[in-house]
Amino acid sequence: QVMLVESGGGLVQPGGSLRLSCAASGMIFSSYTMGWYRQRPGKERELVARVTSAGITNYADAVKGRFTISRDNAKNTVVLQMNSLKFEDTAVYSCNTAPVPVKSWGQGTQVTVSS
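For the structure given in this document, a descriptive report is provided here. Small disclaimer: the values here were computed from a predicted structure and weren't measured.

## Observations concerning the sheet that holds strand β3 (residues 18-25)
Spatially, β1-β3-β8-β7 is the arrangement adopted by the 4 strands of the open sheet, whose pairing is antiparallel. If you trace the sheet from one side to the other, it starts and ends with β1 (3-7) and β7 (67-72), each paired once. Each strand axis lies, on average, 15° off the axis of its neighbour in the sheet, ignoring direction.

See the structure below:
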């Protein structure tokens, strides 16, 4: 019923940029705060950015100033623009409601930062 599909990941060098997209369906998208989560190797999943229905944003300290989250309610999409990428940003990135996610996680998109 709820479907979340992430895209845009890939291999990038340190200092580079990526733009991740999330397409949502099966939910009233505009009613929910949406977030981007990541899970680094050997670590727990963490919320790195979120945006309310009205466009108010919040970021984890680790990504503040480098990542920008945005949404298009007409297209049921949420975007994470990632700049100045670091090795420690390597993770599987997923989108979901925030701060409490629904159970229907997507497959995520892999971001690998490597020289």
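## Structural notes on the packing of aromatic side chains
Evaluation of the coordinates by the stated rule reveals 1 aromatic pair. A ring pair is formed by Tyr 37 and Trp 105, whose centres lie 5.1 Å apart and whose planes are at 80°; its orientation type is edge-to-face. Remark: Trp 105 occurs in the loop between β9 (91-97) and β10 (109-113) and Tyr 37 occurs in strand β4 (residues 34-39); sequence separation between them is 68 residues. Its relative accessible area of 6% is what places Tyr 37 among the buried residues. Positioned above the aromatic ring of Trp 105 is the side chain of Arg 45, whose terminal nitrogen or guanidinium carbon lies 3.9 Å from the ring centre. Between Arg 71 and the ring centre of Phe 29, over which it is positioned, the NZ or CZ distance is 4.5 Å.

Criteria and thresholds
Residues numbered from 1 in each chain as written. Predicted model: local features only at pLDDT ≥ 70, side-chain atom pairs only at ≥ 80, totals over all residues. Heavy atoms only, no water. Pairing = 2+ DSSP bridges. Helix = DSSP H or I, 4+ residues; strand = E, 2+ residues; numbered from the N terminus. Axes fitted to C-alpha atoms, helices over the stretch in contact; angles between N-to-C directions. Phe/Tyr/Trp six-rings, centres within 6.5 Å; stacked < 30°, edge-to-face > 60°. Buried < 20%, exposed > 50% of the residue type's maximum accessible area, 1.4 Å probe, protein only. Lys NZ or Arg CZ within 6 Å of the ring centre and 35° of its normal.

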